[in-house]
Amino acid sequence: MRDKVVQVLEIKMIDKRVNTFEEALQGIADSSTVLLGGFGQAGSPVELIEALIDQGATNLTVVSNNAGEGEFGLAALMKAGRIRKVICSYPRSSGSFIFEELYESGKIELEIVPQGTLSERMRAAGAGIGGFFTPTSAGTLLSQDKEVRQIDGKDYVFEKPLKADVALIKAHTADRWGNLTYNKSARNFGPAMAMAADLTIAQVQEITNLGEIDPEHVVTPGIFVNRVLEVKLEN
Amino acid sequence: MPLNRNQIAWRIAQEIEDGSYVNLGIGMPELVANYIPENREIIFHSENGILGMGPQPEKSEEDGDLINAGKKPVTLLTGGSYFNHTDSFAMVRGGHIDLCVLGAFQISKNGDLANWATLDNSKPPGVGGAMDLAVGAKSIFVMTEHCTKDGTPKIMEECSYPLTGQGVVNTIFTDLAVIDITSEGLKVREKINEISFMELQNKTGAPLIESDIKELSPPVL
């Protein structure tokens, strides 16, 4: 009898660890909205993004602070023709030539969102907030088609939550419950994106045993994470 | 002599109060960090999630996970902290950052700032954190050359380029002058001796107010 109970518990054990890129990216559909973590290369889940090329999903809307550089990661996914639209704050980094070529030839759509608004829109989506008023972009081109409300004498722009089907993020350490810690300024958009997607997939440097991450140090609690894949990278 | 960029940075650095939380915009404003007087403790904020940002490390100490808003390697000072983007912009929009120094394409006489897009639509625009910083920081200093390379004034009645923020600039530091934006208009606080008030006015696209102007004279840098 006792043995039986243990068995049932084991079957129901929460285990968000996956072993391959294939398993990590399974089920990502065409036309999905995909959040990509990272600020420049810091925190960019380059290996997961490149694996998405093999996975095959296309006609994607991608949300990312930048629009990729060189020919790796996000730029490689763009070059493979998988992205219909990019939502970002700053697409024009040095080395973002693939995006620029596609943009100038009208092959990719661009929506510019101020950086703080971008992360707050994702936080709002993750927090179940139906939108918010921000002073950012009041009186500028970026608020042209948006509701503006004066609150205590100051103009605020209404911004809607930015919900996504999938988030691909990079963290430092995970456990099988999906708790995450990050490394330095590579944290950036990870926590907001993890909250905002139906399916959050994190690539991490290291997966440790449950209990080895100090609960005081967990940055993204596992409730926001669906799959973790260990991708060991040389520094 | 008009100030070089290091000298404009030096002038701005003298103005930063001890104990301030400061965000330096990407590019020219980053130079300001080099000239903070030694007896002042200033905490630099980087919008990608750093408080207590320190100088660029030695090449061998560079860490791709520790970069500034311009995506260049930096260091963290003792006491510094990391946080996510949402918290970082809560600091910005929530009025917790005392001062932000930004570059500019144009500034209007009432403090409108244009620094994110021109009228050239062939290149993709990019705003980054500029609009959040412009409305959020308690004070906005602009660091800029007084005129464009072809001599067109950057300070004008109204900006012709798309705005970053409306009425957000407090003080403009140029290679020729320090100008406060006040309810009465553009008050020249300092100017270099080599130029007369009238010459300065001729290089400015909006009326300047002359009152008790001090000499702008940084050290050789």
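In this text, all values refer to a predicted model and were calculated from it rather than measured experimentally. For every chain, the first residue of the written sequence is number 1, and numbering continues from 1 along that sequence. For naming, the first written chain is A and the first written ligand is 1, with later ones following in the order written. pLDDT decides what is reported in this predicted model: residues at 70 or higher carry local features, side-chain atom pairs at 80 or more are listed and counted, and totals for whole chains, interfaces and linings draw on all residues regardless.

(A) Representation of the overall build of chain A within the structure. Scanning chain A from terminus to terminus reveals seven helices and twelve strands. Considered along the principal axes of its C-alpha atoms, chain A spans approximately 70 × 45 × 30 Å. Residues with at least 20 other C-beta atoms within 10 Å of their own are called buried, those with 12 or fewer are called exposed, and the rest are partly exposed. The C-beta atoms themselves are positioned from the backbone. Considering chain A as a whole, with its 235 residues, one finds that 50% of them fall into the buried category. Residue pairs in contact within chain A that sit at least 24 positions apart in sequence constitute 75% of those at least 6 positions apart. Secondary structure follows DSSP: runs of H or I at least 4 residues long count as helices, runs of E at least 2 residues long count as strands, and numbering of each begins at the N terminus. Note that contacts rest on C-beta atoms placed from the backbone: two residues are in contact if these are within 7 Å.

(B) Main features of the overall build of chain B. Per the secondary structure count, chain B includes four helices and 13 strands. Considered along the principal axes of its C-alpha atoms, chain B spans approximately 50 × 40 × 30 Å. Taking all 221 residues of chain B together, 46% fall into the buried category. Pairs at least 24 apart in sequence give 65% of the contacts found in chain B among residues at least 6 apart.

(C) Local environment of the environment of cysteine 88 of chain A. Residues and elements named next belong to chain A. Note that cysteine 88 resides in strand β4 (residues 83–88). Residue class for cysteine 88 comes out buried when judged on the 26 C-beta atoms lying within 10 Å of it. Distance in space between the C-alpha atoms of cysteine 88 and proline 114 is 8.0 Å, their sequence separation being 26 residues. In contact with cysteine 88, not counting residues within four places along its chain, are Ser64, Asn65, Asn66 and Ala67.

(D) Spotlight on the interface of chain A and chain B. Listed per partner, the contact involves 38 residues of chain A and 32 residues of chain B. Contributions of two or more residues to the side of chain A that touches chain B are made by α5 (97–104), β5 (109–112), α6 (115–127) and α7 (190–196) of chain A. For the side of chain A that touches chain B, the leading source of residues is α6 of chain A, giving five residues. Charged residues are taken to be Asp, Glu, Lys and Arg, nonpolar residues to be Ala, Val, Leu, Ile, Met, Phe, Trp, Tyr, Cys and Pro, and polar residues to be all remaining types, Gly included. Classifying every residue of the side of chain A that touches chain B gives 16 nonpolar, 15 polar and seven charged.

(E) Layout of the nonpolar core. For this analysis, nonpolar core means a set of buried Ala, Val, Leu, Ile, Met, Phe, Trp, Tyr and Cys residues linked through C-beta atoms within 7 Å. By size, the foremost hydrophobic cluster in this structure holds 128 residues, and its most contacted members are Leu35, Ala167, Met193 and Ala196 of chain A together with Leu102, Leu113 and Val142 of chain B. With seven residues, strand β9 (residues 164–174) of chain A is the largest single contributor of residues to this core.

(F) Seen up close, the sheet that holds strand β9 (residues 155–156) of chain B. Residues and elements named next belong to chain B. Pairing is mixed in the open sheet, where three strands are placed in the order β7-β6-β9. Edge positions in the sheet fall to β7 (113–114) and β9, since each of these pairs with one other strand and no more. We call two strands paired when DSSP finds no fewer than two bridges between them. Pairing between strand β6 (residues 106–108) and β9: two bridges, direction parallel. Residue pairing for β9: isoleucine 107 is matched across the bridge by isoleucine 155.

(G) Just the pairing of β9 of chain A, in detail. Residues and elements named next belong to chain A. Burial within β9 is extensive, with ten of its eleven residues counted as buried. Bridge count for strand β2 (residues 33–36) against β9 is three bridges, and the pairing is parallel. Each bridged residue has a counterpart across the sheet, and for valine 34 the counterpart in β9 is valine 166. Relative to strand β11 (residues 197–207), β9 is paired through nine bridges, and the arrangement is parallel. Its bridge partner lying in β11, leucine 168 is registered against isoleucine 201. Pairing of β9 with strand β10 (residues 180–181), which is carried by two bridges, proceeds in the antiparallel orientation. By the bridge assignment, threonine 173 is partnered in β10 with threonine 181. The antiparallel hairpin formed by β9 and β10 contains five residues in its connecting segment, where glycine 178 sits at a positive phi of about 90 degrees.

(H) Quick look at α6 of chain A. The first and last C-alpha atoms of α6 of chain A sit 18 Å apart over 13 residues, in line with the 18 Å expected at 1.5 Å per residue. Of all 13 residues making up α6 of chain A, twelve are buried, and the element is well covered by its neighbours. Against β2, β6 (132–134), β8 (154–159) and α7 of chain A together with α2 (85–93) and α3 (130–136) of chain B lie the buried residues of α6 of chain A. Of the residues one or two after α6 of chain A, glycine 128 of chain A is the one with positive phi, at around 70 degrees. Expected helix span is computed as 1.5 Å times (number of residues minus one).

(I) Here's a closer look at helix α3 (residues 46–55) of chain A. Residue and element names in this part refer to chain A. Burial in α3 covers these residues: Val46, Leu48, Ile49, Ala51 and Leu52. Buried residues along α3 sit in contact with α2 (21–25), β2, α4 (73–79), β9 and β11. Where α3 ends, the next residue or the one after it, glycine 56, has phi of about 105 degrees, a positive value.

(J) Focus on the environment of glutamine 14 of chain B. Topologically, glutamine 14 of chain B is positioned in helix α1 (residues 5–15). Glutamine 14 of chain B sits 203 residues away from serine 217 of chain B along the chain, and the two C-alpha atoms are 12 Å apart.

(K) Spatial organisation of the pairing of β5 of chain A. Residues and elements named next belong to chain A. Pairing analysis gives four bridges linking β4 to β5, with the strands arranged parallel. Across the sheet, the residue bridging to cysteine 88 is isoleucine 112, located in β5. Running through α5, the crossover from β4 to the neighbouring parallel element β5 is right-handed. By the criterion used throughout, a crossover qualifies as right-handed when its path from the first strand across the helix to the second strand runs clockwise, the strands pointing away from the viewer.

(L) Main features of the packing of α6 of chain A against α2 of chain B. Helix axes are fitted to C-alpha atoms over the stretch in contact, other axes to C-alpha atoms as well, and angles between N-to-C directions run from 0 to 180 degrees. Direction vectors running N to C along α6 of chain A and α2 of chain B enclose 125 degrees, while the axes themselves pass 9 Å from each other. In terms of axis orientation, α6 of chain A runs oblique to α2 of chain B. Relative to α2 of chain B, the crossing made by α6 of chain A is left-handed. On the side of α6 of chain A, the interface is formed by Gln115, Gly116, Ser119, Glu120 and Arg123 of chain A, while α2 of chain B contributes His85, Thr86, Phe89, Val92 and Arg93 of chain B. Here the residues of the contact of α6 of chain A with α2 of chain B sort into two nonpolar, five polar and three charged. The scheme is simple: roughly parallel for angles under 35 degrees, roughly antiparallel for over 145, roughly perpendicular for 65 to 115, oblique for anything else. Less than a right angle of anticlockwise turn of the near helix away from the far helix marks a crossing as left-handed, whereas a clockwise turn marks it as right-handed.

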